[in-house]
Amino acid sequence: MPQQRPHSGGWTAAEAAARLAADGPNELPAARPLARWRLLADILREPMFLLLLACGAIYMLLGDRQEALMLLGFVVLVIGISYVQRQRTERSLSALRDLSSPRALVIRDGRQARIAGRELVRGDLVLLAEGDRVPADVALLTASNLMADESMLTGESVPVMKLPPCCVYAGTLITQGTASGSVTATGAHSALGRIGASLAALGGELTPIQQETRRVVRGVAIGALVLAAGLGIAYWGLHGDALRGLLVGLTLAMALLPEELPVILTLFLGLGAWRLGREQVLARSIPAIELLGATTVLCVDKTGTLTSNRMQLRRLWSEEAAYACGQAPEPPLPEELHGLLEYAVLASHRQAFDPMEAAIGAAGARLLANTEHLHADWALIDDYPLSRQMLAMSRVWRSASRQDYVIAAKGAPEAIMDLCHLAPAHGARIAAQVAALADSGMRVIGVACANFAAPPLPSDQHDFAFAFLGLLALEDPVRAEVPAAVAQCRDAGMRVVMITGDHPATALSIARQAGIATDGAPLTGDELDGMDDAALQARLAGADVCCRIAPAQKLRLVQALRARGDIVAMTGDGVNDAPALKAAHIGVAMGARGTDVAREAAALVLLKDDFSSLLTAVRHGRRLFANLRKAIVFIVAVHVPIAGLSILPVLLGWPLLLLPVHILFLQLIIDPTCSIVFEAEPMEADAMRQPPRKPGQRLFDGAIVLRGLLQGAGLLAMLLALFWHARLAGQSDEAARAAVFIALTLSNLALIHANRRAAGRRGEPPGGRNPYVGWSAAAAVSLLLVVLGVPGLRQLFAFAIPAAGPLLLCGLVAVATLAWCALLRRARWPAGAR
């Protein structure tokens, strides 16, 4: 169908909304929709449910039809709970997939706006720059040195030049230059959609913690089956009842099987990523969340991360005049500085993506208005981009009234002086002025101009005869929240290393304002190039400020920090940052100003480009790992008495204390507690005043397991004493069994409360309220009262109402469990148990 083009200001928001409603969102069909039956089948294949079905079949063979039906009813209830939990995780990951869709810079209502790629519509005016992933099929209107990598469509790995009115296609990558264009096709109608490409699902990889958990579960399951088989054979030998012996063995297997572990890991990691998403931090790689709590070094950009990324031109200086911008009222710009600002504007992109270029353009429009120094009618012929070898860029222009070319250059002052081939004495005078401006925290750039007679243009901008025009000083103030955030990092044992391309004096000034250590001399890019790896590692021990660093040098910095044993999180936004983002343990891309290449290379994307978001991510990482360890202590502790009450009565000749239905009832308490209560537990009040955890620290280390075993062993001893006392007091087996079960249920609630705090805490409350604790306790007590109060259920559970004395002792056992856990918490645990 013919494509109607919008006016130069792009669509209005209302026009775009109407087109979006008509055409649908700009997205490809999902690779695989959420299959509810597949989710249900995965739950039914879990060993716990297979064991329960086997127990139900044995009850049928034994003639206990009511027991079998009740057991199957509980199975349905637990399946329902598991299904709701799994769906909650799937919804969280689905929300993350929406967040991770490409972004697009468009013109809406006459202004630039960054929108989700799915909201793009036909006819939208799109702005493209180096590093962008093209969000839809776009017909080019303007282009400057535009190169696109179309390998995903054509198989050709070499980028191709693109000129108007060519198209660039959805999913391809802009590797060089800038452009604007009109969207011609979106979603399934784009070139990518027509060949049937689909989005990859987020979060399918197994994390290190999941791999460790899989090994633990496999080992425990094998041990449980061996013990269950032995116990079943022992019962058969003692009582001569093979079917009852099989039931006893299956009951023990159910008691020992840690089926909660895979569930809590899936839920913790999925909801952890979702919680980060609510804080405007997108987790593109779930394993990154595990390492956040171990981060020791944060490598951060200056511009936009520590600073507000709103550059303003503050000073203009030449050897003839100087001028301070932003005064009220603002005086006219001296004639001697017109050329300086004129060529600074010419050396910048007309559609400015960079905040520095936007500030130069705004100052030029304001201070050179109604003069002959603004050249909207000049044609751009070519440009020489900034490179690692030359920290300056040049743009070649031709006017309608002149035959020769005009070249405007801007960049680092030392690079501009190099282009101008200045005498040493002349360069020293300019360098002194650069240092004076940089000392006040401003970013200083040099500007130069040249003329060139005729084509062909040289391959190197060094071949032009540049004349030095002067200096511009721009200010990007430190964000108000940064000094406090850096102080929090220091309290948390994390080192902040600032990496910038700015002048050393500017970098040091910003570092001092941000609270970053400036005791050691800053590390410069030239110094870095002159060092071997060993010398660089030693130098980084005392260098928290790295300046005049080219993007390509960031990779070596990250590798050197890793070689020193640090866990490195690093921010980046450009195409050249991608290798360093990949090399860091946790690559962090800027979501607002970052390129799509940087976003795809990173593990985390800060949708809000500021340092506090990065600190928020670290805080969530520490909370998640700590809560996982609390949940594991609880799981170990709660399984010890369940297993003991399944084994010891058989060996001691007592009546069976736990039947499959009892264990299933306990699962109704344990599973939601592990996956909901502990996941929602707030961070410990002093968690950000502790050093980072060791990167090799295991989730299931000896201290954690020992703490859980001791908690469970103490509770088991008290439960056995309670049963023995009830028998001595003349209580029936059913009443004694009920007393033990009541005490076990209430003590499980006590274990929940006790393990909400890490080991070593001396009584301070956790860092906030957890609303799920009260609800879980109320639900457990209510279910227990229903079982005891309904005669039919009480009979199916083989219970009788205990006398007042044993009932009182049930409450005392729960209180004693709290006291025992408090005593264990006062012990001097190793750091790993915390």
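(A) Highlighting the pattern of salt bridges. Applying the stated criterion across every chain yields a total of 19 salt bridges. Its salt-bridge partner being Arg122, residue Asp23 comes within 2.8 Å of it at the nearest N-O pair. Of this pair, Asp23 sits in helix 1 (residues 13–23) while Arg122 sits in the loop between strand 2 (111–116) and strand 3 (125–129); the two residues are 99 residues apart in sequence, bridging distant segments of the chain. Across the pair Arg495 and Asp544 runs a salt bridge, and its minimum N-O distance is 2.4 Å. Here Arg495, found in strand 17 (residues 495–499), pairs with Asp544, found in the loop between helix 19 (533–540) and strand 19 (545–547); they are 49 residues apart in sequence, far enough to count as distant. Just as Arg495 is buried, Asp544 falls in that class too.

(B) Geometry of helix 17 (residues 504–514). The buried count for helix 17 comes to eight of eleven residues, which makes it a mostly enclosed element. Residues Ala505, Thr506, Ala507, Leu508, Ser509, Ile510, Ala511 and Ala514 constitute the buried set of helix 17. Its buried side turned inward, helix 17 meets helix 11 (302–306), helix 15 (424–438), strand 15 (443–452), helix 16 (482–491), strand 17 and strand 19. Phi for Gly515, located one or two positions after helix 17, is positive at around 90 degrees.

(C) Region of interest: the sheet that holds strand 8 (residues 281–283). Across the sheet, eight strands lie side by side as 8-22-21-20-9-17-19-18; this open sheet has mixed pairing. Looking at strand neighbours, the two that pair on one side only are strand 8 and strand 18 (523–524), the edges of this open sheet. Pairing of strand 20 (residues 568–572) with strand 21 (residues 586–590), which is carried by four bridges, proceeds in the parallel orientation. Paired with Ala569 across the bridge in strand 21 is Ile586. Each of strand 8, strand 9 (297–301), strand 17, strand 20, strand 21 and strand 22 (604–606) touches helix 23 (residues 611–652); the most contacted strand, strand 9, lies at about 155 degrees to it.

(D) Quick peek at the nonpolar core. With 104 residues, the main nonpolar core has Leu298, Leu604, Phe611 and Leu645 as its most contacted residues. The dominant element in this core, judged by the number of residues it contributes, is helix 23, at 19 residues. Contacts of Leu645, omitting those with residues within four sequence positions, involve Leu657, Leu658, Leu716, Leu719, Leu720, Val740 and Leu744. Listed in part, the 29 residues of the second largest apolar core include Met311, Leu337, Met356 and Leu367.

(E) Inspection of the pairing of strand 2 at higher detail. Where strand 1 (residues 103–108) meets strand 2, six bridges bridge the pair, whose relative direction is antiparallel. Considered in strand 2, the bridge of Val106 is made with Ala113. Turn length for the strand 1-strand 2 hairpin, with the two strands adjacent in sequence and antiparallel, is two residues, and the turn residue Asp109 shows positive phi of about 55 degrees.

(F) Representation of the environment of Val633 within the structure. Along the polypeptide, Val633 turns up in helix 23. Residue classification places Val633 among the buried positions, given a relative accessible area of 1%. Along the sequence, Val633 and Ile704 sit 71 residues apart, while their C-alpha atoms lie 6.0 Å from each other. Sequence-distant contacts of Val633, that is, excluding residues within four places in its chain, are made with Ile704, Arg707, Gly708, Gln711 and Asn755.

(G) Fine view of a negative patch on the surface. Residues Glu319, Glu320, Glu335, Glu336 and Glu372 make up a contiguous surface patch of negative charge. Locating Glu320 in the fold gives a position in the loop between strand 10 (312–317) and strand 11 (322–324).

(H) Seen up close, the environment of Leu788. With respect to the helices, strands and loops of the structure, Leu788 is situated in helix 27 (residues 771–789). Note on Leu788: relative accessible area 12%, which makes it buried. C-alpha of Leu788 to C-alpha of Ala738: the two residues are 50 residues apart in sequence and 8.4 Å apart in space. Setting aside its immediate chain neighbours within four residues, Leu788 contacts Ile742, Arg794, Phe799 and Ile801.

(I) Quick peek at unusual backbone geometry. Residue Pro165 follows Pro164 across a cis peptide bond; omega there is 5 degrees. Relative to the helices and strands, Pro165 is located in the loop between strand 5 (160–161) and strand 6 (167–168). The phi dihedral of Gln280 is positive, around 65 degrees, even though this residue is not glycine. Among the secondary structure elements, Gln280 is positioned in the loop between helix 9 (260–278) and strand 8.

(J) Summary view of the sheet that holds strand 13 (residues 392–398). Read from one edge to the other, the open sheet built from seven strands follows the order 11-10-16-15-14-13-12, with strand pairing classed as antiparallel. Edge positions in the sheet fall to strand 11 and strand 12 (379–384), since each of these pairs with one other strand and no more. With direction set aside, neighbouring strand axes in the sheet form an average angle of 25 degrees. On top of the sheet, helix 15 reaches strand 10, strand 15 and strand 16 (467–475); it is set at about 10 degrees to strand 16, its chief contact.

(K) Region of the structure containing the packing of aromatic side chains. Taken as a whole, this structure holds ten aromatic pairs when the rule is applied. On the numbers, 4.9 Å between centres and 40 degrees between planes, the contact of Trp654 with Phe723 is tilted. Here Trp654 is found in the loop between helix 23 and helix 24 (660–677), whereas its partner Phe723 is found in helix 25 (residues 702–728), with 69 residues between them in sequence. Ring centres of Phe741 and Phe799 lie 5.3 Å apart, and the angle between their planes is 45 degrees; on these two criteria the pair is classed as tilted. Here Phe741 is found in helix 26 (residues 733–754), whereas its partner Phe799 is found in the loop between helix 28 (791–796) and helix 29 (804–826), with 58 residues between them in sequence. Among the aromatic side chains, those forming a connected cluster through ring pairs are Tyr384, Phe452, Phe464 and Phe466. When the ring centre of Phe625 is taken as origin, the NZ or CZ atom of Arg693, which lies over that ring, is 3.8 Å away.

How each quantity is defined
- Residues numbered from 1 in each chain as written.
- Predicted model: local features only at pLDDT ≥ 70, side-chain atom pairs only at ≥ 80, totals over all residues.
- Heavy atoms only, no water.
- Salt bridge = Lys/Arg side-chain N within 4 Å of Asp/Glu carboxyl O.
- Helix = DSSP H or I, 4+ residues; strand = E, 2+ residues; numbered from the N terminus.
- Buried < 20%, exposed > 50% of the residue type's maximum accessible area, 1.4 Å probe, protein only.
- Contact = heavy atoms within 4.5 Å.
- Pairing = 2+ DSSP bridges.
- Axes fitted to C-alpha atoms, helices over the stretch in contact; angles between N-to-C directions.
- Core = buried A, V, L, I, M, F, W, Y, C linked by side-chain atoms within 4.5 Å.
- Patch = residues over 30% accessible without salt bridge, like charges linked within 9 Å, V, L, I, M, F, W, Y side chains within 5 Å.
- Areas by Shrake-Rupley, 256 points an atom, 1.4 Å probe, with all protein chains shown as cover.
- Lys, Arg positive; Asp, Glu negative; His and termini not counted.
- Charge placed at Lys NZ, Arg CZ, Asp CG, Glu CD.
- Phe/Tyr/Trp six-rings, centres within 6.5 Å; stacked < 30°, edge-to-face > 60°.
- Lys NZ or Arg CZ within 6 Å of the ring centre and 35° of its normal.

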